[in-house]
Amino acid sequence: AKQQGRNRWVCFRQPMLERSKQLLFIDTELKQAIVRQELSLVYQPIYHSGTPTFTKMEALLRWHSRSLGVVGPDRFIPVAEESGYIVQLGHWVLEQTCQQLALWQQSSQDLLVMSVNVSALQLNQPGFADVIKQLLQQYQLQPAQLELEITERVLLDDSAEVSAVLQMLTALGVQISLDDFGTGYSSLSYLSRFPLQTLKIDRSFVQAMSDNDRSRDLVRAIVAMGQSLQLQLVAEGVETQEQAGALTLLGCQFLQGYYLARPQSADQISQQLRQLS
Ligand code: C2E
Ligand code: CA
Ligand code: CA
Ligand code: CA
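In this report, the structure presented in the accompanying data block is examined. (Residues numbered from 1 in each chain as written. Chains lettered and ligands numbered in written order. Predicted model: local features only at pLDDT ≥ 70, side-chain atom pairs only at ≥ 80, totals over all residues. Heavy atoms only, no water.)

**Overview of the coordination of the calcium ion (ligand 4)**
Stage number 1. Around the calcium ion (ligand 4), the donor atoms from the protein are Asp180 (OD) and Asp180 (OD), and they sit 3.0 Å away.
Stage number 2. Between the two metals, the calcium ion (ligand 4) and the calcium ion (ligand 3), the spacing is 3.8 Å, and Asp180 donates to both.
Stage number 3. You can see Asp180 is positioned in strand β6 (residues 175-181). (Donors = N, O, S within 2.8 Å, 3.2 Å for Na, K, Ca; no water. Helix = DSSP H or I, 4+ residues; strand = E, 2+ residues; numbered from the N terminus.)

Quick look at the structure:
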């Protein structure tokens, strides 16, 4: 019985111990990732509905760790948020994306826009708006070329600080986009209280559209609400022609998803931009 009890204890405790060790290991390795050059960015085009062209892209972080292999952002971003390392990581992402955007803009007729994911902790760093202002100057970008994607979690705090930094960014001319709209702690009052230009309809809604009419009605209602608040709408996770068609009919201006384009390396995007121009 004693033996059995010990086994049970082992079975119960071991996975928890393993998990926290694993997170610690990810954290330690991640802090080396920048100097080891294990990080890269991929870019997913965001298309204007009903057209084969794009001027906007979302930057997505990739990590190929020498000891852990490929680790997805859904695994390492939460760890970096927990440890606070997301601030440095996020700065690296902003620096890289601004540099890349400046390069692409040199050979493009259209004004290109880069959408960058920003974590709550990063946005809440004192001086964040100044960091953005400096990057725009350094890379000679127009503020409207940068869009920062925040989640509802950022707005949940509803602090004077969050409000102030969003106002400063907006005053600079930077765009603010509300990511994963509808999945979080949605409070519709956010939409009027904070300066936002774009809503990204979460892919769970887009995917449910094919299954039932009620989901389609829900997306229709989100689009109508966005339009009346003069927000731009991006549908995420568009995987089929049917979804793309339906969203375009509903009046969603921008589409993003595997059906249109997967996230791609900078070289692949360069090629596409050349073909478009
Ligand atoms: P997100 O911001 O919601 O990004 C969209 C995710 O959906 C990306 O996953 C993208 O590859 C994926 N996706 C795009 N189109 C489709 C589709 O048609 N179907 C499906 N099933 N998925 C699609 P990814 O690259 O794995 O990123 C996951 C999350 O990690 C992001 O979700 C974002 O929250 C976070 N993340 C990624 N890069 C960064 C970053 O630089 N900074 C911060 N703070 N977070 C990041
Ligand atoms: Ca995003
Ligand atoms: Ca999203
Ligand atoms: Ca997401």
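**What to know about the environment of His91**
Stage number 1. Its location among the elements puts His91 in helix α3 (residues 86-106).
Stage number 2. Each C-alpha atom of the pair His91 and Phe128 lies 9.8 Å from the other, and the pair is 37 residues apart in sequence.
Stage number 3. Those residues in contact with His91 that lie beyond four places of it in its chain are Gln122 and Val131. (Contact = heavy atoms within 4.5 Å.)

**Some details on the site of ligand 1**
Stage number 1. Residues in close proximity to ligand 1 total 21 residues, the closest being Arg62, Ser119, Asp179, Glu239 and Tyr258.
Stage number 2. The side chain of Ser119 places a nitrogen or oxygen atom 3.0 Å from a nitrogen atom of ligand 1.
Stage number 3. When ligand 1 is considered free in solution it has 800 Å² of accessible area, and contact with the protein chains removes 84% of it.
Stage number 4. In this structure, ligand 1 is accommodated by the largest pocket.
Stage number 5. Of all elements in the fold, only β2 (54-65), α2 (73-83) and β6 reach the threshold of two or more residues within the shell around ligand 1.
Stage number 6. The leading source of residues in the shell around ligand 1 is β2, at 4 residues. (Near = heavy atom within 4 Å. Polar contact = N/O pair within 3.5 Å; in protein donor to acceptor, adjacent residues only side chain to side chain. Areas by Shrake-Rupley, 256 points an atom, 1.4 Å probe, with all protein chains shown as cover. 1 Å grid on protein atoms, 1.4 Å probe; cavity = no way out; pocket = protein on both sides within 12 Å on 5 of 7 lines; lining within 4 Å. Sits in = over half its atoms within 2 Å of the grid points.)

**Remarks on the pattern of salt bridges**
Stage number 1. Per the counting criterion, the structure on display carries 12 salt bridges.
Stage number 2. For the salt bridge of Arg220 with Asp217, the shortest nitrogen-to-oxygen distance reads 2.8 Å. Taken together, the residues Arg220 and Asp217, both in helix α10 (residues 213-228) and 3 residues apart, mark about one turn of the helix.
Stage number 3. Arg220 gets classed as partly exposed once you look at its relative accessible area, which sits at 41%.
Stage number 4. Since its relative accessible area comes to 40%, Asp217 is described here as partly exposed.
Stage number 5. When salt bridges that share partners are traced, they join Glu29, Arg36, Glu38 and Arg66 into one network. (Salt bridge = Lys/Arg side-chain N within 4 Å of Asp/Glu carboxyl O. Buried < 20%, exposed > 50% of the residue type's maximum accessible area, 1.4 Å probe, protein only.)

**A few points about the packing of aromatic side chains**
For any pair of aromatic rings, the description rests on two quantities: the centre-to-centre distance and the angle between the ring planes.
Stage number 1. Evaluation of the coordinates by the stated rule reveals 4 aromatic pairs.
Stage number 2. An angle of 80 degrees between the planes, with centres 5.0 Å apart, marks the rings of Tyr43 and Trp104 as edge-to-face. Of this pair, Tyr43 sits in strand β1 (residues 39-48) while Trp104 sits in helix α3; the two residues are 61 residues apart in sequence, bridging distant segments of the chain.
Stage number 3. Positioned above the aromatic ring of Phe254, the side-chain terminus of Lys56 is 5.0 Å from the ring centre.
Stage number 4. The aromatic ring of Tyr258 is capped on one face by Arg262, whose charged end is 3.8 Å from the ring centroid. (Phe/Tyr/Trp six-rings, centres within 6.5 Å; stacked < 30°, edge-to-face > 60°. Lys NZ or Arg CZ within 6 Å of the ring centre and 35° of its normal.)

**What about helix α12 (residues 266-276)?**
Stage number 1. Listed in full, the buried residues belonging to α12 are Ala266, Ile269, Ser270 and Leu273. Considered in projection along α12, the buried side chains sweep an arc of 105 degrees and stay on one side of the axis. Exposed positions of α12 whose direction lies more than 90 degrees from the buried face are Asp267, Arg274 and Gln275.
Stage number 2. For α12, the elements touching its buried residues are β1, β2 and α3. (Arc of directions from axis to C-beta.)

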